[in-house]
Structure formats: C-alpha cells, structure tokens
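# Coordinate inspection notes
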Amino acid sequence: MISAIRRLLASVVDCALLGSYVICVCSFVFQWKLVSERSPFFAVFAVCVPFFYFTLLESGYGGSSTLGKRLFGLEVIDRESGRLPIYKSALRAIAKIAGPSLVVLGAMELAIHRPVVFGALILLACLVIPVSIFVGRGVIGLDDALVGTAVVSRGAISSVPLRGAWHWLLVLLIAGTI
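All values reported here derive from a predicted model rather than from experimental measurement.

A tally of helices and strands in the protein chain yields eight helices and four strands. Going from N to C terminus, the protein chain has its helices and strands arranged as α-α-α-β-α-α-α-β-β-α-β-α. Among the 178 residues that make up the protein chain, the fraction classed as buried is 40%. Sequence-distant contacts, at least 24 apart, represent 69% of the contacts inside the protein chain between residues at least 6 apart. As displayed, the protein chain has an accessible area near 10,000 Å², and 72% of this comes from carbon and sulfur atoms.

Here it is, written out as structure tokens:
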C-alpha cells in the first residue's frame, strides 16, 4: 500500500484542477448569460465533470490514474484482475463523489452563518474522507473499500501509456466548453 500523504496530495491536485475548471466554465456561462440563473447547469456540470474525469482517467483505458495520481506516481488497480475496467471505474467515481456531495448538501446552511465551519467541512469532504480509511498498516479510500480497488505505486502493474490519459483529458475539456 502507499502512504496517505501521497494520496492526499494527489487528491489536492485533482480537486484544484477540477475546481478551477468548473468555476471558470460556469463563470463564463453565467457572465455571458448563456443559461438562466435558475438553471441547474452549475450543479449538473459540477457533478458530471468530476464523474467523467475520474471514470475515464482511472480506468485501464485511460491510463489508470488521474493527473494528480500521475504526478505523485500512483495508479488505480482492480484488486482481483489488476487492470481497472470502465464499469468499476464508474462505480468508484460515484462512490468518490457521493460522500462529499452529501456532506456539502448537508452543510449548505452553515455557509452563510458559519463560513469557516463550512469551509472546514468542504475540505474534509473533498480531501480527507476519500483517502482516510486506515486498514492495518495500509491506507485505502472509502471508494476503494466499496468497489474492490486499490491505489498502488505506479509501475506495480503494466498500464496504458500516458498518451491515453491526455486523449481523455482533451475530450473532457472540449466537451465541457461546448
């Protein structure tokens, strides 16, 4: 197993990339009034982009790791077969997004009255919960425990070259701007 610090740092990079992308696109869309203010665009976009990002990049076809995991030398594998199939990657993405989404929705009332507590809950939901289950001497995330995957040091198994991950990232960027 790998250290929780590397996983946490990879999660910070992924959250920063996804958060900045979602905020920039949504700001552009609302500033230019491409959708009405009552439209659920932001909520749908903020959930769909991370779902596709994690599903496509963490699958065996996408290179088995997100950009943050690549930066810290990590990859996601299926504990049974090694290479992560796309359906398990989708289940892992749902498990990864559902927990933080529930915490954020439950804490929305704190945003106005106690913004510091709200910020701490967001940090907890997005960074700590997904990477913080300690099992024996190893660390696995909640999503790994539910789906049967593991995050290991890159190179523990053979994987798809980096070219596949950049292909899917380009697809996500183009799809997000249309």
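Having seen the model, we can carry on.
Direction vectors running N to C along helix α1 (residues 4–31) and helix α2 (residues 41–58) enclose 145 degrees, while the axes themselves pass 10 Å from each other. Along this stretch, α1 crosses α2, giving a crossing that reads as right-handed. The segment α1 lies against α2, with D14, L17, L18, Y21, V22, V25, C26, V29 and F30 engaging F41, F42, F45, A46, V49, P50, Y53 and F54. Grouping the constituent residues of the contact of α1 with α2 by class yields 16 nonpolar, no polar and one charged.

The subject of this paragraph is α2. Between its first and last C-alpha atoms α2 spans 25 Å; for 18 residues at 1.5 Å apiece the expected length is 26 Å, and the two agree. When α2 is considered as a whole, its buried residues turn out to be F45, V49, P50, Y53, F54, T55, L56, L57 and E58.

We now examine the pattern of salt bridges. Proximity of charged atoms lets side chains of opposite charge pair with each other. Counted according to the given criterion, the structure contains seven salt bridges. Two residues, R7 and D144, come together in a salt bridge whose shortest N-O distance is 2.8 Å. With R7 in helix α1 and D144 in helix α7 (residues 142–147), the pair connects residues that are 137 residues apart, well separated along the chain. Judged by its relative accessible area of 0%, D144 is buried. In this structure, the salt-bridge partner of E58 is K96, at a minimum N-O distance of 3.1 Å.

This part covers the packing of α2 against helix α4 (residues 86–106). One way to put it is that α2 packs onto α4 with a least axis distance of 8 Å and a crossing angle of 140 degrees. When the axis of α2 is compared with that of α4, the two are oblique. Crossing hand, α2 versus α4: right-handed. On the side of α2, the interface is formed by V47, P50, F51, F54, T55, L56 and E58, while α4 contributes I86, S89, A90, R92, A93, I94, K96 and I97. Across the contact of α2 with α4, the residue classes tally to ten nonpolar, two polar and three charged.

Quick notes on the rules
Residue numbering note: each chain is counted from 1, following its sequence as written. For this predicted model, a pLDDT threshold of at least 70 governs which residues receive local features, and a threshold of 80 or more governs which side-chain atom pairs are given and counted, while totals over whole chains, interfaces and linings are taken from all residues. Side-chain metrics rest on all non-hydrogen atoms present in the structure, leaving aside hydrogens and water. Segments assigned H or I by DSSP are reported as helices when at least four residues long, segments assigned E as strands when at least two residues long, and all are numbered from the N terminus. Buried, partly exposed and exposed residues are distinguished by accessible area as a fraction of the type maximum, computed with a 1.4 Å probe on protein chains only: under 20%, between the cut-offs, and over 50%, respectively. Note on contacts: a residue pair qualifies if any of its non-hydrogen atoms lie within 4.5 Å across the two residues. Calculation of accessible area relied on Shrake-Rupley with a 1.4 Å probe; when residues are assessed, cover is drawn exclusively from the protein chains displayed. Helix axes are fitted only over the stretch in contact, all axes being lines through C-alpha atoms; the angle between N-to-C directions runs from 0 to 180 degrees. Crossings are classed by handedness, with left-handed meaning an anticlockwise turn of the near helix from the far one by less than a right angle and right-handed meaning a clockwise turn. Gly is placed with the polar residues, together with every amino acid not listed as nonpolar (Ala, Val, Leu, Ile, Met, Phe, Trp, Tyr, Cys and Pro) or charged (Asp, Glu, Lys and Arg). A helix is expected to span 1.5 Å for every residue after the first. One side-chain nitrogen of Lys or Arg within 4 Å of one carboxyl oxygen of Asp or Glu is enough to make a salt bridge. Oblique is the label for any angle not covered by the other classes, which are roughly parallel (under 35 degrees), roughly antiparallel (over 145) and roughly perpendicular (65 to 115).

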